[in-house]
Amino acid sequence: MICDNLTLSEDGKHLLFAGQDTVELAEKYGTPVYLLDEDKIREKCRKYKSAFKKYFGSESVPLYASKANSFKGIYKIMAEEGMGIDVVSAGEIYTAFMAGYDLSRAYFHSNNKTDADITYAMEKGVGYFVCDNEEELHAIQNEAKKRNMKQKILLRLTPGIDPHTFEAISTGKVDSKFGTPIETGQAKDITEKALSLSNIDLKGFHCHVGSQVFAEDVFERGARVMLEFIAQMKEDLGYEACELDLGGGYGVRYTDGDPYLDIDKKVSEVAKAAKDACKELGINLPVIHMEPGRSIVADAGMVLYTVGSIKRIPGYKNYVSVDGGMSDSPRYALYKASYTCLAANKMDENCDFTASVVGRLCESGDIIQEKVNLPSSIQRGDIIALCTAGAYHYSMSSNYNRLPKPATIMLRNGNENYVAIKGETLEDIIRNDL
Ligand code: LLP
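This brings us to the overall build of the protein chain. Within the protein chain, the regular secondary structure consists of twelve helices and 21 strands. For 434 residues, the compact-globule estimate of 2.2 N^0.38 gives 22 Å, and the C-alpha radius of gyration of the protein chain, at 23 Å, lies within 12% of that figure. Projected onto its principal axes, the C-alpha positions of the protein chain cover 70 × 55 × 45 Å. Within the protein chain, the fraction of its 434 residues that count as buried is 56%. Across the protein chain, contacts joining residues at least 24 apart in sequence account for 70% of those joining residues at least 6 apart. Carbon and sulfur atoms form 48% of the exposed surface of the protein chain, whose accessible area is close to 18,600 Å². Within the protein chain, the 63 negative side-chain charges are centred at a point lying 2 Å from the centre of the 51 positive side-chain charges.

What follows is the structure, given as structure tokens:
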């Protein structure tokens, strides 16, 4: 199976996730429902943490990119695991704050922080601002001045690297909406500007090349370009950055065709490239951060659905409709993203029936996955498991068609499960309507 937290019941009929029977979980909590494997999330954090310590030293910490899945419980886990966090909005900052997360360890991103965002983040004591552009730099300076403090920042730069992933999630190219380009000379200008501002404490630089990246050496090339820039700034401005954040982006297995990524090995390769480059360029190795989101939570997650109608259109195609859709799982509709769908209560049957698994929303693009092989006995009431659904599902979910958002259930220790996010009710749907 695509991940080691997927197994079968003794009789081979039921799909187990994190050691627990998904059919029983569907019965207990209802569907659609998000499941999250807490042990897997912690295992990933530990892998990243120990690799960072081993290859970069103990000051270098991984930051969980919480846009992948943001709710109070996950910030508590990140605090317990000693992870830093990347936050992108007042909403994520508030959630982390309410979870008791120490915000001095948070890095605040976004390409357009409003004045209100900046004020809120400083009020809450967010440690670092990852500053995207010059307007923002001045706005941060103004607010820090009012507060009579120095705000630590990293400047987000675009290294001009194409990570060969979906266009919509590729961000490190020169013409990206994110960051300030190195190639055009604008990165040097903004560095000079930041160094001249009295309430800005420029700690270093940031880049993020893209997401769901498998291509070889993308991070090594990113590190190289950024370190060359650091060396250039040392020469031109006498300023040597002490922190470098290389962003997130490692890919995960959605289907059998996707490769396995060994986190320890990947971090060791980036570290080797960075250390070699520093030696060659005559600079010190900065404190290194990375911001994994998807690779921490994706395969710790699953969505369970119940099958409703089955439509066979002879000579054309077949449909299996489930009780959720693009409102809880928008990634196929947005990116045509591939997934593995399994008939969770019929794992021992041959999958000789090919169908599109579709949602219940009033839109033909409401597709979970096309060309899915399922047992031909598939019928109303069967359970469909959508695997690798822990990242960018709940966090990108919507109330389209006024569907309530499903609950998130945490699974741990092979037999414990608990509600981490309550499912929305119909009353929740009209809560803000006047
Ligand atoms: N750091 C920055 C600055 C980012 O923009 C992102 C993702 C990350 C870290 C985390 O990247 P990850 O390790 O999760 O790949 N909604 C899209 C993904 C958008 C990613 C946006 N930025 C999807 O569902 O594929």
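Still more to cover.
Our focus in this paragraph is the packing of aromatic side chains. For the structure shown, the criterion picks out eight aromatic pairs. Judged by centre distance (4.2 Å) and plane angle (10 degrees), the rings of Tyr107 and Tyr128 are stacked. A residue pair is termed long-range when its members are at least 10 positions apart, and Tyr107 in strand β7 (residues 106-108) and Tyr128 in strand β8 (residues 128-131) qualify at 21 residues. Here the two residues Tyr107 and Tyr128 agree in accessibility, since each one is buried. Directly above the aromatic system of Phe97 lies the positively charged group of Lys124, at a separation of 4.4 Å from the ring centroid. Over the face of the ring belonging to Tyr260 we find Arg253, whose NZ or CZ atom lies 4.0 Å from the ring centre.

Our focus in this paragraph is the site of the ligand. Taken together, 19 residues surround the ligand, and among them Ser211, Glu291, Arg294, Arg331 and Tyr392 come closest. Within the backbone of Arg294, a nitrogen or oxygen atom sits 2.7 Å from an oxygen atom of the ligand. Relative to its unbound accessible surface of 590 Å², the ligand loses 92% to contact with the protein. Of the residues in the shell around the ligand, the class split is six nonpolar, seven polar and six charged. Of the domains in this structure, domain 1 (6-37 + 298-429) and domain 2 (38-294) are the two that each give at least three residues to the shell around the ligand.

All right, on to the packing of helix α8 (residues 218-237) against helix α9 (residues 263-281) then. Two numbers describe how α8 lies on α9: the axes approach to 9 Å, and their chain directions differ by 25 degrees. As judged from the angle between their axes, α8 and α9 are roughly parallel. In the crossing of α8 with α9, the sense of the turn from one axis to the other is right-handed. Residues Phe219, Glu220, Arg224, Leu227, Glu228 and Ala231 of α8 pack against Glu269, Val270, Ala273, Ala274, Ala277, Cys278, Glu280 and Leu281 of α9. Here the contact of α8 with α9 is built from residues that sort into nine nonpolar, no polar and five charged.

In space, the three strands of this open sheet follow the order β1-β2-β3, with antiparallel pairing throughout. In the strand order of this sheet, the two ends are held by β1 (6-8) and β3 (20-21), each with one partner. As paired strands, strand β2 (residues 15-17) and β3 are joined by two bridges and run antiparallel to one another. Among the inter-strand pairings, Leu16 is bridged to a residue of β3, identified as Asp21.

On to the domain arrangement of the protein chain. On domain assignment, one finds that the protein chain holds domain 1 (6-37 + 298-429) and domain 2 (38-294). Between the C-alpha centres of domain 1 and domain 2 the distance comes to 33 Å. The partner domain 2 presents 19 residues to the 24 residues of domain 1 that form the contact. A buried area of about 2,000 Å², summed over both sides, lies between domain 1 and domain 2, and 55% of it is on carbon and sulfur atoms. Applying the counting criterion to the domain 1 and domain 2 interface returns two salt bridges. Put simply, domain 1 and domain 2 have 15 residue pairs in polar contact (both at pLDDT 80 or more) between them. Counting residues per element, the ones that place at least two in the side of domain 1 that touches domain 2 are β4 (33-37), α11 (331-335), β20 (408-412) and β21 (416-421). Across the side of domain 1 that touches domain 2, the residue classes break down as 13 nonpolar, seven polar and four charged.

What follows deals with the layout of surface pockets. Roughly 370 Å³ of volume is contained in the second largest pocket. Taken together, 20 residues make up the lining of the second largest pocket; nearest its centre are Lys44, Lys47, Tyr260, Leu261 and Asp299. Elements with a contribution of two residues or more to the lining of the second largest pocket: α2 (38-56) and α9. Of the residues forming the lining of the second largest pocket, the biggest block, five residues, is contributed by α2.

One pass over the full model with this rule turns up three cavities of 30 Å³ or more. Approximately 70 Å³ is the volume attributed to the largest cavity. Lining the largest cavity we find Val213, Phe214, Ala215, Glu216, Asp217, Val218, Phe219, Glu220, Tyr250, Leu261, Lys266 and Glu269. Sorting the residues of the lining of the largest cavity by element identifies α8 and α9 as the ones contributing at least two each. The element contributing the most residues to the lining of the largest cavity is α8, with three residues. Taken together, the residues of the lining of the largest cavity break down into seven nonpolar, no polar and five charged.

Each value, and the rule that gives it
- Residues numbered from 1 in each chain as written.
- Predicted model: local features only at pLDDT ≥ 70, side-chain atom pairs only at ≥ 80, totals over all residues.
- Heavy atoms only, no water.
- Helix = DSSP H or I, 4+ residues; strand = E, 2+ residues; numbered from the N terminus.
- Rg over C-alpha atoms; globule rule 2.2 N^0.38 Å.
- Buried < 20%, exposed > 50% of the residue type's maximum accessible area, 1.4 Å probe, protein only.
- Contact = heavy atoms within 4.5 Å.
- Areas by Shrake-Rupley, 256 points an atom, 1.4 Å probe, with all protein chains shown as cover.
- Lys, Arg positive; Asp, Glu negative; His and termini not counted.
- Charge placed at Lys NZ, Arg CZ, Asp CG, Glu CD.
- Phe/Tyr/Trp six-rings, centres within 6.5 Å; stacked < 30°, edge-to-face > 60°.
- Lys NZ or Arg CZ within 6 Å of the ring centre and 35° of its normal.
- Near = heavy atom within 4 Å.
- Polar contact = N/O pair within 3.5 Å; in protein donor to acceptor, adjacent residues only side chain to side chain.
- Nonpolar A, V, L, I, M, F, W, Y, C, P; charged D, E, K, R; others polar.
- Domains from an automatic or database assignment.
- Axes fitted to C-alpha atoms, helices over the stretch in contact; angles between N-to-C directions.
- Parallel < 35°, antiparallel > 145°, perpendicular 65-115°, else oblique.
- Left-handed = near helix turned anticlockwise from the far one by under 90°.
- Pairing = 2+ DSSP bridges.
- Buried area = accessible area lost by both parts, 1.4 Å probe.
- Salt bridge = Lys/Arg side-chain N within 4 Å of Asp/Glu carboxyl O.
- 1 Å grid on protein atoms, 1.4 Å probe; cavity = no way out; pocket = protein on both sides within 12 Å on 5 of 7 lines; lining within 4 Å.
- Points joined across faces, edges and corners; volume = space filled by probe spheres on them.

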